[in-house]
Amino acid sequence: MRTALTIAGSDSSGGAGIQADIKTMTANGVFAMSAVTALTAQNTTGVTDILESTPLFLEEQLDAVFTDIFPDAVKIGMVSSAELIAAIARKLKQYGAKRIVVDPVMVATSGAKLLRDDAIETLKRELLPLAAVLTPNIPEAEILSGRTITDAAGMEAAARAISETYGCAVLCKGGHQINDADDLLWRDGAGKWFRGKRIHNPNTHGTGCTLSSAIASNLAKGYDLDTAVERAKDYISGALGAMLDLGHGSGPMDHTFDLKSRFIEEGV
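Counting restarts for each chain: residues are numbered from 1 in the order of the written sequence. Side-chain atom pairs in this predicted model are given and counted only at pLDDT of 80 or more, local residue features only at pLDDT of at least 70, and totals for whole chains, interfaces and linings cover all residues. Here the side-chain values reflect all heavy atoms present in the structure, with hydrogen atoms and water set aside.

Draft legend 1. A look at the overall build of the protein. The helix and strand inventory of the protein stands at 8 helices and 9 strands. Its C-alpha radius of gyration of 17 Å places the protein within 12% of the 18 Å reference for a compact globule of 268 residues. Overall, the protein is about 50 × 45 × 40 Å in size when its C-alpha atoms are taken along their principal axes. Residue burial is assigned from relative accessible area. The probe radius is 1.4 Å, only protein chains are included, and a residue is buried under 20% of its type maximum, exposed over 50%, and partly exposed in between. Relative to its 268 residues, the protein shows a buried fraction of 53%. Any two residues whose heavy atoms approach within 4.5 Å at even a single point are treated as in contact. For the protein, contacts bridging at least 24 residues in sequence account for 68% of all contacts bridging at least 6. When charges are tallied, Lys and Arg are placed among the positive residues and Asp and Glu among the negative ones, while His and the ends of the chain are skipped. Here the site of a charge means atom NZ of a Lys, CZ of an Arg, CG of an Asp or CD of a Glu. Each charge class in the protein was averaged separately, 25 positive and 33 negative side chains, and the resulting centres sit 4 Å apart. Elements are defined by DSSP. Helices are runs of H or I of four residues or more, strands are runs of E of two residues or more, and each kind is numbered from the N terminus. Our radius of gyration looks at C-alpha atoms and nothing else; its globule reference is 2.2 Å times the residue count to the power 0.38.

Here's what the structure looks like:
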């Protein structure tokens, strides 16, 4: 069985972070492992507290995984400090990790910055050059490229600049009133659009985590990047289309929408 490792924060409500990653990886047919960068107290209405892992303990988690069950792909999500980012980069280099998907969680849906400036610089210097693919949303792509994005042409210019700077592929995610649900993959000097139809579901908590984990899962299974992105977009469309409605805020998706098991009763 192929394996994938998620390095991210824990979401106590289960809709995003480590919990969403593990559900997504399992649903996409790989064995999921995790290294927790932070514990969060959060639900569908917001985050009330964060307790970071220490860099040493994060490194020990990574040692435990890589020395026993070597991951076929790695997904990296929320990492909130420069010290933790540097620790991850050291271990990925030490073990020669492959198929690294970085979801550069830098800006909240509200527009608030989630990383200090020094952490952003460490992310750019230490971690992004190790990635096979980055999956920024529009505000994150603006930060990484230093460009303002107002249309599809702006997405292409930003994705090209990011790819050339860090030597990796870039999946610039649509939305944020730029387009419907079209994502742009820029790699090897050329772009490819993956068209999507926006699903009118207000419960979108964890979509970024889920998409990047689905891409990592499909890379772990040996699919090329274009196919991995296409399969990941199909998966997230199904998870959103199931119209799960939980919580009092922006709720989670149904990560197991396609799960068929004799242990699950119809309608439960």
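Draft legend 2. Spotlight on the environment of Leu130. In this fold, Leu130 is placed in the loop between helix H4 (117-127) and strand S6 (133-134). A residue is classified by how much of its surface remains accessible, and Leu130, at 27% relative accessible area, is partly exposed. Sequence separation between Leu130 and Gln61 is 69 residues, and the spatial gap between their C-alpha atoms is 19 Å. With residues near it in sequence (within four places) discarded, Leu130 still touches Ala89, Leu92, Lys93 and Ile100.

Draft legend 3. Seen up close, the side chain of Ser80. In this structure, Ser80 sits in the loop between strand S4 (73-76) and helix H3 (82-95). Those residues in contact with Ser80 that lie beyond four places of it in its chain are Glu52, Leu115, Arg116 and Ala119.

Draft legend 4. Up close: a nonpolar patch on the surface. Taken together, the side chains of Met1, Phe31 and Ile69 define a hydrophobic patch exposed on the protein surface, amounting to about 340 Å² of accessible area. Within the element layout of this structure, Ile69 appears in the loop between helix H2 (55-66) and S4. The patches described consist of residues with a relative accessible area above 30% and no salt bridge, like charges being joined within 9 Å and nonpolar side chains (Val, Leu, Ile, Met, Phe, Trp, Tyr) within 5 Å. Shrake-Rupley sampling with a 1.4 Å probe provides the accessible areas, and residues are treated as covered by the protein chains on show and by no other component. By definition here, a salt bridge exists when the distance from a side-chain nitrogen of Lys or Arg to a carboxyl oxygen of Asp or Glu is within 4 Å.

Draft legend 5. Just the nonpolar core, in detail. Throughout, nonpolar core names a set of buried Ala, Val, Leu, Ile, Met, Phe, Trp, Tyr and Cys residues whose side chains join them through atoms within 4.5 Å. Within the largest apolar cluster, 45 residues are counted, with the highest numbers of intra-cluster contacts made by Leu5, Ile7, Val74, Ile76, Ile88 and Leu92. Excluding residues that lie within four positions of it along the chain, Leu92 makes contacts with Ile7, Phe66, Val74, Ile76, Ala97, Ile100, Leu127 and Leu130.

Draft legend 6. Focus on the state of the cysteines. Pairs of cysteine sulfur atoms within 2.5 Å are what we label disulfides. Throughout the structure, instances matching the rule amount to 0 disulfides. Of all cysteine sulfurs, the one in Cys172 lies closest to Cys168, which takes part in no disulfide; the gap is 12 Å. Counting only cysteine sulfurs, Cys172 is the nearest neighbor of Cys209, a cysteine outside any disulfide, at a range of 17 Å. Cys209 gets classed as buried once you look at its relative accessible area, which sits at 16%.

Draft legend 7. Here's a closer look at the pattern of salt bridges. Tallying each qualifying case throughout the model produces 12 salt bridges. With its nearest N and O atoms 3.4 Å apart, the salt bridge here joins Glu126 to Arg125. Residue Glu126 is classed as partly exposed on the basis of its relative accessible area, which comes to 23%. Taking the shortest distance from any N to any O, the salt bridge between Lys192 and Asp226 comes out at 3.2 Å. Here Asp226 lies in helix H8 (residues 225-241) and Lys192 lies in strand S9 (residues 190-194), a separation of 34 residues in the sequence.

Draft legend 8. Here's a closer look at the packing of H2 against H3. The axes are straight lines fitted to the C-alpha atoms, using for helices just the contacting stretch, and the angles between their N-to-C directions are given from 0 to 180°. The contact between H2 and H3 brings their axes to 9 Å, and the two run at 25°. One element, H2, and the other, H3, form an angle in the roughly parallel class. In this structure, H2 meets H3 at a crossing whose hand is right-handed. Every residue of H3 that contacts H2 at Pro55, Leu58, Glu59, Leu62, Asp63 and Phe66 is listed here: Glu83, Leu84, Ala87, Ile88, Arg90, Lys91, Leu92, Gln94 and Tyr95. Residue composition of the contact of H2 with H3, grouped by class: 9 nonpolar, 1 polar and 5 charged. Geometric relationships in this document are graded by angle, where less than 35 degrees denotes roughly parallel, more than 145 denotes roughly antiparallel, 65 to 115 denotes roughly perpendicular, and other angles denote oblique. Handedness of a helix crossing follows the sense of rotation of the near helix relative to the far helix, less than a right angle counterclockwise being left-handed and clockwise being right-handed. Residue polarity follows a fixed list, in which Ala, Val, Leu, Ile, Met, Phe, Trp, Tyr, Cys and Pro are nonpolar, Asp, Glu, Lys and Arg are charged, and the others, Gly among them, are polar.

Draft legend 9. Focus on the packing of aromatic side chains. Ring geometry is summarised as follows: Phe, Tyr and Trp rings, the Trp one being its six-membered ring, pair when their centres sit within 6.5 Å, and such pairs are stacked at plane angles under 30 degrees, edge-to-face over 60 and tilted between the two. Scanning the model with the defined rule gives 3 aromatic pairs in all. Ring centres 5.2 Å apart and planes at 75° place the aromatic pair Phe66 and Phe70 in the edge-to-face group. Overall, the relative accessible area of 5% leaves Phe66 in the buried class. Between Phe66 and Tyr95, the ring centres sit 5.0 Å apart and the planes meet at 5°, which makes this aromatic pair stacked. Within this pair, whereas Phe66 is found in helix H2, its partner Tyr95 is found in helix H3, the two being separated by 29 residues in sequence. Three or more aromatic residues joined by ring pairs make a cluster, and in this case those are Phe66, Phe70 and Tyr95.

Draft legend 10. Quick look at H8. The span you would expect from a helix comes to 1.5 Å times its residue count less one. Under the 1.5 Å per step criterion, the end-to-end length of H8 is 24 Å for 17 residues, consistent within 8% with the ideal 24 Å. If you check which residues of H8 are buried, you get Leu225, Asp226, Ala228, Val229, Ala232, Lys233, Tyr235, Ile236, Gly238, Ala239 and Leu240. Residues of H8 that are buried sit in contact with helix H1 (17-27), S6, strand S7 (169-172), strand S8 (183-187), S9 and helix H7 (207-220). Polar contacts, as counted here, are pairs of nitrogen or oxygen atoms within 3.5 Å of one another; within protein the pair requires one atom able to donate a hydrogen and one able to accept it, and residues that are adjacent in sequence qualify only if both atoms are side-chain atoms. Sitting at the head of H8, Asp224 places a side-chain oxygen 3.1 Å from the backbone nitrogen of Asp226. Immediately downstream of H8, the backbone of Met243 shows phi near 60°, a positive value.

Geometric descriptors of this kind do not, in isolation, establish any biological role.
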